[in-house]
Structure formats: C-alpha cells, structure tokens
Amino acid sequence: MNNRDWNRRDFIVKPILWAGAAGVLSRTDLLLAETASSGALLERTLGRTGLKLPIVSMGVMNADVPGILRHAYELGIRHFDTAAVYQNGRNEEMVGSVVKEMGIRDKVVISTKIGTRASFQNTAEAKKGFIDRFDASLKRLQMDHVDILYHHGVDDADHAKSDGQIEVLASLKKQGKTRFIGISTHETIPVLNAVIPLNVFDVALVTINYTMAHDAEKLATIEKAARSGMGIVAMKTQAGGTVRPDSKLPKELPAESQTALLKWVLNHDFIATAIPGFSTYEHLEQDFSVARNLAYSEPEKKFLADKAFVAQAEFCHQCGECLADCPKHVNIPALMRSHMYAVQYRNVSMARQTVAEAGGLGACADCGECLAACRKTVQIGRKIAQLKELALV
Amino acid sequence: MTFSSRLIRTFFPIASPVLLIGLAFIGNVARAQSAASTHPQLAKLLAEPLPSHPRPEGQPAFYTPDSLYQYIDGGADVYLLYDFQSLMHQEFKSGGAELTADIYDMGKPEDAFGIYSAERSPKYNYIPVGSEGYRSKGVLNFFQDRYYVKLTGSGTGTDTLLDQLAHTMSTRIGGNRALPAVLSKLPQLGRVRHSEQYVRKDPLGHSFLAPAYVVTYASTPKESKLMISVANDATGAKSRIDQLTKHFKQTGECTPAAELGENAIRAKNSFEGSVIARTQGRYVVLLLNPSQDGAALLKSAALALH
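Residues numbered from 1 in each chain as written. Chains lettered and ligands numbered in written order. Predicted model: local features only at pLDDT ≥ 70, side-chain atom pairs only at ≥ 80, totals over all residues.

**Focus on the environment of A:Asn209**
Residues and elements named next belong to chain A. Within the secondary structure layout, Asn 209 lies in the loop between β8 (203–207) and α8 (216–227). Asn 209 gets classed as buried once you count the C-beta atoms within 10 Å, which come to 20. Residues Asn 209 and Thr 237, 28 residues apart in the sequence, show an inter-C-alpha distance of 4.6 Å. (Helix = DSSP H or I, 4+ residues; strand = E, 2+ residues; numbered from the N terminus. Buried ≥ 20, exposed ≤ 12 C-beta atoms within 10 Å, placed from the backbone.)

Encoded structure:
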C-alpha cells in the first residue's frame, strides 16, 4: 500500500450554496470539498496505519453474492470489511473465497471483527475465547492474518478500556495475526473519549451519517480521535436506505439521496474511508461513484436541504427529556420508535405493535399542537401526525 | 420494651430471611409472568418443565427490531431483512454445563427458513430436528414454522442437553415443518443438499429479482446456482427478465436463446460469469455458471414449476 499523505492543495474549493438556507449541513461542508480534477480515485490515509485507501470501501455485511465483491474490486475498491458474526461466519467464508480465487490478497485491506461481552473481559477464559474465535475467523477467511482486527460493537467506556481485551489484541498484533487493531462502536462519544488517551487502537469504526448533522459534540469527538492518529472508518453512512413502507408516507427517497448521504459523510476530511453496505450491482456502482467526486450535484444539494427528509431523519435518542412537556403523559419515546419502525425499518406491523404498547394515539387526539419539545432535533408533533396518517391504531 | 417491639426483636431474625426468599420467589414469578404476558408465545417455548431441568440464569432478555443490534451488532441487519419480530434470549446452568437459548420469532415460516438458510452451509452436520437443523461442538441451530432457534453450550454433557432442549422446543413449536413448496419441485439430480436459500432482497445482486429461491447444483466440478425468482404474475416475470437482459447488455453480452424456452436468454459478463434464463409463468428461472447439462437443468426446473 502507498503511504503518501493526501495533499489538500490538490483539490478544488466548492461552496455549498444551500447550506446556509437549509441550516442542516455541518460546518465541515462549508470547508474544502474535494473534487478530483480528472475523475481519478480519491484516496486518504487511514491514520497511523499509513494505509492509503479509496474513500469508498465495502461493508460486506449484507452481501452474499461473490460477483459483487469481484465487481467491487474491478471498480477500484480495496478495503473489505466483514465480521465473525455476519451470517454465522459465512460472510467471512465468502470474502476469503473471492480474495483467494482472484489472487488479490496482497492488494486488498481486509478487516474483521470479534465481539466480547462487557461482563466477561479479563479472565483467562475470556481471552482464550477471543483468540479461539479469531483463529476460526482466519480459517474461514483462508488467511494467516487480517489487516485490521476490531473489538466489535463496544458501547461502553469501561468495556473499551478493558485491560484483558487490549492485552489480547496487542498480543495478536505482535504475533502478526493482525497488522492493526481497532474498535467499533455505536456509542461514539464515551467510547472514543475513553480510548483516545490509551493510544492503543490504530483504527476506530464509528457510526456517522446525516442524521447527526446537528450533533456537534459527536462530530468533534470523532475528529479528535482522528487528530490523535486513529484512522476513522465510517459505518451506517446511508442512515437506513431508500425504501418507504407506505404510500401515505413521503415517496421513496430519490436515487441521489444515497450519493448525497455518502458525500455528506466523506466531506468530513477526518473520515478516511466509509464502508457502505451494498447488495446490488446498481448500488455498488452508484455509491462508488462518490469515490471520484465529492462535490454535490444540484439534486443532491436539494435533497439535503429538503425539510421533509430532515424531519424524518431526526432520530429519537430515547432520552425521555420530552416526557415532562406532555400534559397527557404520552409515551413519546415509544411513539418515536414506532415512527422509526415504520419509516426506517419498513416494518409497519412492528410500528403498529409499538403504538399499541405505548397506549395508542388516543391521548394525542385532543391536542391541537404538540407541546412536547425535543431537546435535540426530533420534530415530535410532526412524527405523531405522520403516525396518525399511517392509521397504525 | 413494649410487647410489639419484643415480638419484632424475637422474630425478625427468623422472619426476615424467609420474607426475603419469599419476596424473591414472588419477584421471579412476577417477572416470569411478566415475560409470559408480554411475550407469551416465546415464553412458553422455554417454560418449565424442561428436560434435565436446567436452571435459568436470570430473567430472559427480549430484543426487538430496534434493539437487536445491541445483542448481535451489525449482524442484526440481515435479520431485519427477513422481517424479524422479536428474540428471546435465556441462559441456563445444568450441572457442569452452561447453555444459551436464542429464539428468533421471524413472523412467517418462509422468513424463518430464509434467515436460517442465510446462515447455514451445506458442509454442516445436519440432524433430524425441527424442519431442518444442524449441530457442531456446542452449537445446535434449527428452524421450524416461524421460529429460528439457536442453542449454544459449554461444559459437561452439553451436546446431550442441547439435543434434549431442541427436541422439546420443536414439540412445543409444532406448526409447519415443511420446507417451502417450490423447493420440493426442483430437480434432485446434482443438487447440493442443504444449499437451498430463500432470498428476500437482492438475489444474486439484482433487486428486481426479489424474492427468489436459490439452489446450488454441482454436476460438474464447477458449481451452478439455480434461481427461481417469484413475480406476481407472468407480466411481472417478463419485466424481470427484460431488466436482466438490459443489465447484461450494459455490462457484457446477451442474446436471445429461443431453444431454451419462453423469453429465454444467454448472457455473460466479467464478474458474474455466464447465465442462461427464461420465464415460466410467474417465475424467472435462471442458471448462473451453467455446466454442459445446464440447458437440460433449466428446462427441467421450468417444467417442474409449470
């Protein structure tokens, strides 16, 4: 892998005209946006690993079609991310089989992930269990080493700092079974703040997408991790995909939504690469086009400025701070979850069940305007109105 | 000292542990009842009595589509694709063994088969349990009706305990034990056992072909994949094969192949390989990487679906 650092003077400044009016794009989007002048592949360095990668990589998680991996490599993807838990190990088997068949092991960066339980960290048994599971992964991958081994799904600061776990990872790195070690998390702020001072993890795999546009603390924490030398890989970049479950909801997201969402992530220069999970050739080609051009097209700008989408994209964090506002004591977090089931997971039956468990929408019937105010970004009244339109009761 | 205070001082040391035990029992019963009331169908699958009476370690944990990722992280996405409804997770101890039972309610038998088939390999050690199941050291997974059951264990006598637990749960689940009907119609010659899959999304990398059944055939050293894409009607099937034709024309080559039957094509590109396909009523029948006998297999499968 070429270790040459990325040179920002190579790229063209392109202002984001809609940012001010929409007020939803991050401040980072107002900074330099990259456009390869000749359509060449954009690459960044993955922190202290020195690995130089195209900015779009592949999360293999949802793909079980070898042809997609082959085509991804043909297009220029060089980093493939899998995990022991995906499809019970079959995902690793597929990755290993394709890499071997194509003879490209020395040309690609392979990462896998092994999880542990927070309550079961520092015992000899736990350490041995981790090593055994990783050895099984290597066998499935048909490799004697991976490039990045993640401690998978760590969502607690103490879990992240576990001495026993860090000792095992460091040992595997020393043995050469992994070139670098990383941590993957959905609880970005506490976990990254816990591991940055340790200076142990080479890479962090974090959730970052457009729904976090207003979360300055989260973005700042990720940037801090990057500036400390950790390579940052972005996951969950597409914030749920394109499909809408019901004709009464706003229509299916437009195709440009997917490239817009991915560009929004990658327009943060502290993200080295993203691993969107595509399972069709069409999505692969669409997402990978972003690796040659980060400038927003007019339809993409329009999509990101669309207040309807912004409303839908405002995920409820289930903090419950809104509960005190409601005079009817409605279970607002449950209703927001229901909205997420209907809109994001396309599971209307689950949404209906959750509304029922929350006591229905009857208590909201008499309220002209919702008095509950989200301390973050959720438009509670609008989402409840959408639930009523879905006739989930 | 009053009589009442003497009474308390005398009997409290005796009564308090009894009271605590009683409260704990009532609490456990209440929590179990709570589990039974909120997840009655799942709860009864692990209700006492269980063979060898394993002791539950704590209360069962339940996961929803919203929270499943907390248990299996990114692995949750594929379960959501198959319309995952809920999961009951329970740990047990039995003598020197520790067991874990994960029961996934997938809502429909086809989806239970779908997620089960996504995670299994033809190479596993299959055993007669449920609709289909397999075992390896410390692991026993099976599916039956709408449920996908995953059992793990470690310690003395684990395999026997897992077998007993699996068969008990299978009896309690009852319901539909058959594999999807389409699969039973497909040719048996050269078919790789336990390779069948029900793919709800993007079969073979093409969204327009969903949902579909995929089966591996190995009549030559190189494996072929037979896919049965299920459309709503013949018009839908024609539309699907037209989209497939367009894809191959854009990425490789595609020509009509009337000798193969209704709306048939031959196609290939650099990353998928070779394909022959045709329609049969509401189905698109496709063979990826066909062998020399591929045409016969394709026609035979189509005829079986007629």
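**A few points about the domain arrangement of chain B**
Residues and elements named next belong to chain B. For chain B, the assigned domains read domain 1 (40–173) and domain 2 (181–305). Averaged C-alpha coordinates put domain 1 and domain 2 at centres separated by 33 Å. The element contributing the most residues to the side of domain 1 that touches domain 2 is helix α5 (residues 109–119), with 5 residues. Grouping the amino acids of the side of domain 1 that touches domain 2 by side-chain chemistry returns 6 nonpolar, 2 polar and 2 charged. (Domains from an automatic or database assignment. Nonpolar A, V, L, I, M, F, W, Y, C, P; charged D, E, K, R; others polar.)

**Re helix α11 (residues 298–305) of chain A**
Three or more residues of α11(A) are buried, namely A:Glu300, A:Phe303 and A:Leu304. Around the axis of α11(A), the buried residues are gathered within 95 degrees of arc, so they sit on the same side. (Arc of directions from axis to C-beta.)

**Remarks on the packing of helix α4 (residues 124–141) of chain A against helix α6 (residues 163–175) of chain A**
All names here are of chain A. Running from N to C, α4 and α6 point in directions that differ by 40 degrees, and their axes come no closer than 10 Å. Taken together, the axes of α4 and α6 are oblique relative to one another. Crossing handedness for the pair α4 and α6: right-handed. Residues Ala 126, Lys 127, Phe 130, Ile 131 and Phe 134 of α4 touch α6, and the partners they reach there are Gly 164, Val 168 and Leu 172. Residues belonging to the contact of α4 with α6 are distributed by class as follows: 6 nonpolar, 1 polar and 1 charged. (Axes fitted to C-alpha atoms, helices over the stretch in contact; angles between N-to-C directions. Parallel < 35°, antiparallel > 145°, perpendicular 65-115°, else oblique. Left-handed = near helix turned anticlockwise from the far one by under 90°. Contact = placed C-beta atoms within 7 Å.)

**Brief notes about the packing of helix α7 (residues 188–195) of chain A against α8(A)**
All names here are of chain A. Interhelical geometry of α7 versus α8 gives an angle of 25 degrees and a closest axis separation of 9 Å. Judged by the angle between their axes, α7 and α8 are roughly parallel. Taken as a pair, α7 and α8 cross one another with a handedness that is left-handed. Here α7 contributes Thr 188, Ile 189, Leu 192 and Asn 193 to the contact with α8, which in turn contributes Glu 217, Lys 218, Thr 221, Ile 222 and Ala 225. Its residues placed into classes, the contact of α7 with α8 shows 4 nonpolar, 3 polar and 2 charged.

**Regarding unusual backbone geometry**
B:Pro49 follows B:Glu48 through a cis peptide bond whose omega is 5 degrees. Mapped onto the secondary structure, B:Pro49 falls in the loop between α2 (40–45) and β1 (55–56). In this model, A:Gln87 sits at a positive phi of 50 degrees, which is unusual for a non-glycine residue. Here A:Gln87 shows up in the loop between β4 (79–81) and α3 (90–102). Residue class for A:Gln87 comes out buried when judged on the 23 C-beta atoms lying within 10 Å of it. In this structure, B:Asn289 takes a positive phi of about 55 degrees despite not being glycine.

**Some points on the interface of chain A and chain B**
Taken together, the contacts link 28 residues of chain A with 23 residues of chain B. Only α2 (66–75), α10 (281–288) and α13 (332–343) of chain A provide two or more residues apiece to the side of chain A that touches chain B. Top contributing element to the side of chain A that touches chain B by residue count: α2(A), with 5 residues. Residue classes in the side of chain A that touches chain B are distributed as 11 nonpolar, 11 polar and 6 charged.

**Considering helix α9 (residues 294–305) of chain B**
Residues and elements named next belong to chain B. Look at α9: 17 Å from first C-alpha to last across 12 residues, which is about the 16 Å you get at 1.5 Å a residue. Where α9 is concerned, the buried positions are Gly 294, Leu 297, Leu 298, Ala 301 and Ala 302. The arc enclosing the buried residues of α9, seen along the axis, measures out at 130 degrees, which places them on a common side. In this fold, the buried residues of α9 make contact with β10 (212–217), β11 (224–230), β14 (273–280) and β15 (283–288). (Expected span 1.5 Å × (residues − 1).)

**Here we look at the sheet that holds β8(A)**
Two orientations exist for strands paired in a sheet by backbone hydrogen bonds: parallel and antiparallel. Residues and elements named next belong to chain A. What the 8 strands build is an open sheet, ordered β3-β4-β5-β6-β7-β8-β9-β10; its pairing is parallel. A single partner strand is all that each edge strand has here, and the edge strands are β3 (58–59) and β10 (273–274). As defined by bridge partners, strand β7 (residues 178–185) adjoins β8 across 4 bridges and the pair is classed as parallel. Considered in β8, the bridge of Ile 183 is made with Ala 204. Set on the sheet, α7 makes contact with β7 and β8; between it and β7 the angle comes to about 140 degrees. (Pairing = 2+ DSSP bridges.)

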